[in-house]
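Listed below, chain by chain, are the residues.
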Amino acid sequence: MGGSKRRRQPTTHRSGVVALPSPVSSSASPVHSCQQEDLRGKKFRATAPPESTALAARPTPDECRLAVQGLGRIHPEVVQENLERRLAFAARNRNVDDKSTPITDSIINTMLSQNTTAANQQRAYANLKREFPDWEQVAESSNASRVAAAIRCAGLSKTRTERMQLMLQKVKEERGKANFEFLRDCSSDEIKKQLLQHKGMGPKTVSCVLLFALLKPEFPVDTHVLRISKQNRWVPASFSRESAYSYLNGVIPDEFKLDLHCLLVAHGKHCNQCAARGKAQFPRDFDCPLAAMRRGCKLECIKQEQEGQE
């Protein structure tokens, strides 16, 4: 009929489990409604989990806080890096420089991180900035071969070059400059809309740009975050990265998103109980706070233990 549909509300069962609406709907933001491609041209579609999926509202704010506290003690360098990131962002906002392009830098750097190692990404980005100090030069079609040569160490240089140049050329045609600094004053939804129209800018890439370049309250989900979220039963084992992002981004309190994301990524590489295939750098007898939660330790016990260490 002509009336608008009522939004389905979460329902609580006797067990205390909350049956949440599907994290992704057909009218959701462009992050989930459009088809994306990875660098190798393989298409994927962000699909919604079944409507009948029942999830406890986890991680709870207490779980997030305790995870950040516990992991922060193990990875103090991550906490320090995020503190420096916040201070640098505040200083940059106080002294806006027309010549600096931190948002565009982050977009290109994040695109270079796809389907390669962190070391190759960093080397490719350094090569690109050394060869082309200005993004206007990168956008020039006549420089395609030089751009590809600069980023060759990251692999798939032809595809990366085409996508970078098309993106920079389009924004220059629309805005007069080959950069994305105009996004500074846009809302998160508008930024997603602007970036997701470009090839190579998938949900995770855009989420990373929002979090790290603009310090927006976003919770990107990479392979480490997804694996640990499933281990802790924050999301069902069937969830894809896109479904997990849609759910976790709405559940995790904004104040914990930056630290929790970075700490989970670091921890997922180092803890043998949380790393992929048990390959990690910490000793086998390492006492992982997340593993303690998984073993069924009550939050109150963990809280008292951590407070006793302060």
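Details of the structure are given in the entry above.
The following paragraphs examine the structure supplied in this document.

Some words on the overall build of the protein
On a plain count of helices and strands, the protein comes out with 15 helices and four strands. Looking at the protein as a whole, 46% of its 310 residues qualify as buried. Of the contacts made within the protein by residues no fewer than 6 positions apart, 64% connect residues no fewer than 24 positions apart. Of the roughly 16500 Å² of accessible surface on the protein, a fraction of 50% belongs to carbon and sulfur atoms.

Brief notes about the side chain of Glu181
Note that Glu181 resides in the loop between helix 8 (157-175) and helix 9 (188-195). At 3.3 Å, the side chain of Glu181 forms a polar contact with the backbone nitrogen of Ile103. For Glu181, the side chain forms a polar contact with the side chain of Thr104, separated by 2.7 Å.

A closer look at the packing of aromatic side chains
Counted under the stated rule, the structure contains one aromatic pair. In this structure, Arg175 is placed above the aromatic ring of Phe182, and the distance from its NZ or CZ to the ring centre is 3.9 Å.

Here's the deal with the nonpolar core
Formed by 34 residues in total, the largest nonpolar core has its most connected members in Phe219, Val221, Leu248, Leu260, Leu264 and Leu290. Those elements that place two or more of their residues in this core are helix 2 (61-74), helix 11 (223-231), helix 12 (241-251), helix 13 (254-270) and helix 14 (289-294). For this core, the element with the highest residue contribution is helix 13, accounting for eight residues. Residue contacts for Leu248: discarding those within four places in its chain leaves Pro59, Phe219, Val221, Ser229, Trp234 and Val235. Membership of the second largest hydrophobic core comes to 33 residues, among which are Met111, Val171, Leu195 and Met201.

Concerning the pattern of salt bridges
Taken as a whole, this structure holds 10 salt bridges when the rule is applied. Linking Glu131 and Arg146 is a salt bridge whose minimum nitrogen-to-oxygen distance equals 2.9 Å. Linking Glu131 in helix 5 (residues 118-131) with Arg146 in helix 7 (residues 144-150), this pair joins segments that are 15 residues apart in sequence. Look at Glu131 and you get partly exposed, because its relative accessible area is 38%. Between Lys192 and Glu218 there is a salt bridge; the shortest N-O distance is 3.3 Å. Taken together, the residues Lys192 in helix 9 and Glu218 in the loop between helix 10 (203-214) and helix 11 connect sequence positions 26 residues apart. Across the pair, Glu218 and Lys192 agree in class, each one buried.

As for the packing of helix 2 against helix 13
Here helix 2 crosses helix 13 at 50°, and the two axes come no closer than 9 Å. The orientation of helix 2 with respect to helix 13, classified from their angle, is oblique. Regarding helix 2 and helix 13, the two cross each other, and that crossing is left-handed. Two secondary-structure elements touch here, helix 2 through Pro61, Cys64, Arg65, Ala67, Val68, Leu71, Gly72 and Ile74 and helix 13 through Phe256, Asp259, Leu260, Leu263, Leu264 and His267.

Concerning unusual backbone geometry
With an omega of 0°, the peptide bond running from Arg58 to Pro59 counts as cis. Summarising the element assignment, Pro59 is placed in the loop between strand 4 (43-45) and helix 2. Its identity as a non-glycine residue notwithstanding, Asn115 has a phi of 55°, on the positive side. In this fold, Asn115 is placed in the loop between helix 4 (102-112) and helix 5. Phi at Arg233 takes a positive value of approximately 60°, unusual for a residue other than glycine. Relative to the assigned elements, Arg233 resides in the loop between helix 11 and helix 12. On the basis of relative accessible area, Arg233 is assigned to the exposed category, the value being 70%.

What counts as what
Residues numbered from 1 in each chain as written. Predicted model: local features only at pLDDT ≥ 70, side-chain atom pairs only at ≥ 80, totals over all residues. Heavy atoms only, no water. Helix = DSSP H or I, 4+ residues; strand = E, 2+ residues; numbered from the N terminus. Buried < 20%, exposed > 50% of the residue type's maximum accessible area, 1.4 Å probe, protein only. Contact = heavy atoms within 4.5 Å. Areas by Shrake-Rupley, 256 points an atom, 1.4 Å probe, with all protein chains shown as cover. Polar contact = N/O pair within 3.5 Å; in protein donor to acceptor, adjacent residues only side chain to side chain. Phe/Tyr/Trp six-rings, centres within 6.5 Å; stacked < 30°, edge-to-face > 60°. Lys NZ or Arg CZ within 6 Å of the ring centre and 35° of its normal. Core = buried A, V, L, I, M, F, W, Y, C linked by side-chain atoms within 4.5 Å. Salt bridge = Lys/Arg side-chain N within 4 Å of Asp/Glu carboxyl O. Axes fitted to C-alpha atoms, helices over the stretch in contact; angles between N-to-C directions. Parallel < 35°, antiparallel > 145°, perpendicular 65-115°, else oblique. Left-handed = near helix turned anticlockwise from the far one by under 90°.

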